[in-house]
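This is what each chain is made of:
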Amino acid sequence: MATETLPKTVLLTLGRLPKSLELARALKGAGCRVLVADPFAWHLSRPSNVVDKCYQTPPPATQQSEFLDALLTIIKAENVDLVVPVSEEALHVSLLAPRLPERTRLFTNPHGVLWDLNDKYLFSRLAQSAGLPAPETHLATDPEAARLVRTTPCVFKPRIGCSGQKMQMLAPDTVPEELLTDPDAIVQKRVFGRELSTLTLCQDGKILAHVTYEGLVFSGTVAVCFQRVEDAPQVAQWVADFVAANRYSYFLAFDFIVDQTGTPWPLECNPRLTSGIHFMEHEDLAAAVCDPDNAPPVRLKPKKRFQEGHTTLLQVYGSVLEPKQMARRAGAMVTSRDVLWSGFDPLPFPMMTFSSWPVLKQVLFGGKTFGEAATLDIAWPAGMTKAEAVGEARAPEPISTQQTARTADPVNAHET
C-alpha cells in the first residue's frame, strides 16, 4: 500500500477490548499514528506501544452529547483523518457524521443504516426482503408473537441489545404475560443446530474480508476462545448475498444457527468489529481500512484458533466442579494462541489484569459477565429511539477532555 494513501492519524473510539488492540497494531504496522478514546481512564490498549495517545471521554450510554462533543474536540485538536468505531459505541459515533471536518472520514455506515441492522426486528425484515432465510420474528406486542410462543420454542430478546442481555429462552405455554407487553423486544422462533459467527469487511457490496468462526469457550454468551471453520460455505454465501443486496460497506458481523439441513439462519447483525478480526492478516487489514476502494482481498492468518487467554483461564477454573467441562475448556485453551501477547508489543499481556480492572471488578463483585461489564457504559440506552438520538446530535460548544498522553513510559508518563 502506497504511503501517500494512508491516513496520517486514526482515532479508535474504544480501547478496552482485544479487538481494539488488534486493529491498533495493524494500523501502526502500516505507518499510521494511532489515537484511542475510551470512557475508561485505564484500558487494555493504554500500555501498548502502538498507541500514540489516549483520551478519556464521557460514557455515551449516559452522556451521549458530551461523548460526541469530546470526540469532536479530539478530532479537531489532533487533525484526525480517519475515525474507526470498534464496538457498541458505533451507533453513538455514527451521529458525528454531519459534524466532522472535511478532512475526516468516518469508517462506519450512516446512523440510519446502523440502526436498521442493529434492530433485530428490522434486520429480520431486511434479510427476508433480500430473499434470504431468516427465523420467524415478531414484535413482542404483536398478536402473532403470542401465537408463535404457544406453538414452538422461542427466544425473547431486546430489539436493540448486546451480549445476550435480557435474553430468555421460552417454551410453549410457559411464557410470562408481561414479556409480551414490552414494546422494545421481539419474539423469535428458536432454531437448533450449530452456532457460527462471521465477520465481514465490505465496500459498496463487495467483500474485502470474510471469516466464519465458532466459539469453543464462552463467558456468558460471548466467545472468549474461538476457531476458524471452513466447512460452512453456505454461511459465507448468505453473507455475500446480503451484502450485495443492499451494497453495504464497512464491518458487518452476524450470528447464525446452521440447522440439520445445512440452512443458515441469522439471529442478529452487529455492524461493527468482533473477535473475527484476530484471524485477519495485519497488512491487508490496514490496507482495507485505510483505502477500501483500492484494497486487495484480506488474507487470513494460518493459525486457526485464538483466545482471550486470561478470560479463558477464568472459565477453566470456573468449571472445576465439572471435570469433563474443565478438560474440554483446558484443551481448547492450550491449543489456542493468545490475542494479547506480542513480542514487539509486550506490555498489554502482563498488564491485562490491571488495565482491565474497570471491567474485571464488575465481573468479580457485580455478578456481570465480561460482555455485559465491557459494554454497559457504551451500549445504546434502553428505550432511546433513533429520532431521540438524532435530536441529541446537535452541535454545542466543544467541552474540554481529560487527556492521557503516552510518552517513553507507556504506563506512568502521562498528563491529565
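Residues numbered from 1 in each chain as written. Predicted model: local features only at pLDDT ≥ 70, side-chain atom pairs only at ≥ 80, totals over all residues. Heavy atoms only, no water.

### Let's talk about the overall build of the protein
The number of helices and strands found in the protein is 14 helices and 17 strands. Compactness check: the protein gives a C-alpha radius of gyration of 21 Å against a globular reference of 22 Å for 416 residues, within 12% of the reference. Oriented by its inertia axes, the alpha-carbon framework of the protein measures out at about 60 × 50 × 45 Å. In the protein, which comprises 416 residues, the share counted as buried stands at 57%. (Helix = DSSP H or I, 4+ residues; strand = E, 2+ residues; numbered from the N terminus. Rg over C-alpha atoms; globule rule 2.2 N^0.38 Å. Buried < 20%, exposed > 50% of the residue type's maximum accessible area, 1.4 Å probe, protein only.)

### Quick word on the sheet that holds strand β12 (residues 222–228)
Spatially, β14-β13-β10-β11-β12-β15-β16 is the arrangement adopted by the seven strands of the open sheet, whose pairing is mixed. Strands at the two margins of the open sheet, each flanked by one partner only, are β14 (264–270) and β16 (337–338). Direction of pairing for strand β10 (residues 194–203) relative to strand β11 (residues 206–219): antiparallel, over a ladder of seven bridges. In the strand pairing of β11, C202 is matched with I207. The strands touched by helix α5 (residues 120–129) within the sheet are β13 (250–258) and β14, with β14 carrying the most contacts at an inclination of about 130°. (Pairing = 2+ DSSP bridges. Contact = heavy atoms within 4.5 Å. Axes fitted to C-alpha atoms, helices over the stretch in contact; angles between N-to-C directions.)

### Looking at a nonpolar patch on the surface
Taken together, the side chains of L313, L314 and Y317 make up a nonpolar region of the molecular surface, amounting to roughly 280 Å² of accessible area. Here L314 shows up in helix α9 (residues 309–318). (Patch = residues over 30% accessible without salt bridge, like charges linked within 9 Å, V, L, I, M, F, W, Y side chains within 5 Å. Areas by Shrake-Rupley, 256 points an atom, 1.4 Å probe, with all protein chains shown as cover. Salt bridge = Lys/Arg side-chain N within 4 Å of Asp/Glu carboxyl O.)

### Quick word on the pairing of strand β9 (residues 185–189)
Burial of β9 is extensive: four of the five residues sit out of reach of the surface. In this sheet, β9 lies alongside strand β6 (residues 137–139) in antiparallel orientation, the contact comprising three bridges. Looking across to β9, one finds that L139 is bridged to I186. Note that strand β7 (residues 154–158) and β9 share five bridges and pair antiparallel. Across the sheet, residue K157 finds its bridge partner in β9, namely I186.

### A short note on α9
By the burial criterion, the buried members of α9 are G309, T311, T312, Q315 and V316. Taken around the axis of α9, the buried residues stretch over an arc of 165°, which confines them to a single face. Exposed residues pointing more than 90 degrees away from the buried face of α9 are listed as Y317 and G318. (Arc of directions from axis to C-beta.)

### Concerning the state of the cysteines
Two cysteines, two sulfur atoms, one covalent bond between them: this is a disulfide. Scanning all chains against the criterion turns up zero disulfides. Not part of a disulfide, C54 finds its nearest cysteine sulfur in C32, a span of 16 Å. Using a relative accessible area of 3% as the deciding quantity, one classes C54 as buried. (Disulfide = S-S within 2.5 Å.)

### Description of the packing of helix α1 (residues 18–29) against helix α8 (residues 282–290)
Where α1 contacts α8, the axes come no closer than 8 Å and their chain directions differ by 85°. What the angle tells us is that α1 and α8 run roughly perpendicular. Where α1 approaches α8, its residues E22, L23, R25, A26 and L27 are matched on the opposing element by H282, L285, A286, V289 and C290. Here the contact of α1 with α8 is composed, by residue class, of seven nonpolar, one polar and two charged. (Parallel < 35°, antiparallel > 145°, perpendicular 65-115°, else oblique. Nonpolar A, V, L, I, M, F, W, Y, C, P; charged D, E, K, R; others polar.)

### Quick look at the pairing of β14
Burial analysis of β14 places five of its seven residues in the buried class, which makes it a mostly covered element. As paired elements, β13 and β14 share six bridges and run antiparallel to each other. Pairing of V258 across the sheet is with P264, part of β14. The antiparallel hairpin formed by β13 and β14 contains five residues in its connecting segment, where G262 sits at a positive phi of about 90°.

### Focus on the side chain of T274
Turning to its location among the elements, T274 is positioned in the loop between β14 and α8. On the accessibility criterion, T274 (11% relative accessible area) is buried. Discounting chain neighbours no more than four positions away, the residues touching T274 are K19, T198, L199, Y213 and A253.

### Digging into unusual backbone geometry
One non-glycine residue, N79, lies in the positive phi region at around 50°. Take N79: it is sitting in the loop between α2 (64–78) and β4 (82–84). By relative accessible area, N79 is classed as partly exposed at 43%. Of note in the backbone geometry, D204 takes a positive phi value of approximately 55° without being a glycine. As for its placement among the helices and strands, D204 is situated in the loop between β10 and β11.

### Re the confidence of the model for the protein
Atomic detail in the predicted coordinates should be set aside for any region of low pLDDT. Looking at the protein, the pLDDT average stands at 90 and 90% of residues meet or exceed 70. With pLDDT under 50 throughout, residues 391–416 is counted as low confidence; its partners more than four residues away or in other chains account for 59 contacts. (pLDDT = per-residue confidence, 0-100.)

### Details of helix α4 (residues 111–118)
Within α4 the residues assigned to the buried category are H111, L114, W115, L117 and N118. Along the axis of α4, the buried positions cluster into a sector of 170°, meaning they face one direction only.

### A short note on the packing of aromatic side chains
Between two aromatic rings, the relevant description is the distance of the centres plus the angle of the planes. This structure, assessed with the given rule, holds 19 aromatic pairs. Where W238 meets F254, the ring centres are 5.6 Å apart and the plane angle is 70°; that geometry is what we call edge-to-face. Residue W238 is located in helix α7 (residues 233–246), and its partner F254 is located in strand β13; the two are separated by 16 residues in the primary sequence. Summarising the burial analysis for this pair, W238 and F254 share the class buried. Ring geometry for F254 against F256: centres 6.1 Å apart, planes inclined by 45°, an arrangement best described as tilted. Neither residue differs from the other here; F254 and F256 are each classed as buried. Against the face of F40 rests R16, its NZ or CZ located 3.7 Å from the ring centre. The positively charged end of R46 is found above the aromatic ring belonging to W42, 3.8 Å away from the centroid. (Phe/Tyr/Trp six-rings, centres within 6.5 Å; stacked < 30°, edge-to-face > 60°. Lys NZ or Arg CZ within 6 Å of the ring centre and 35° of its normal.)

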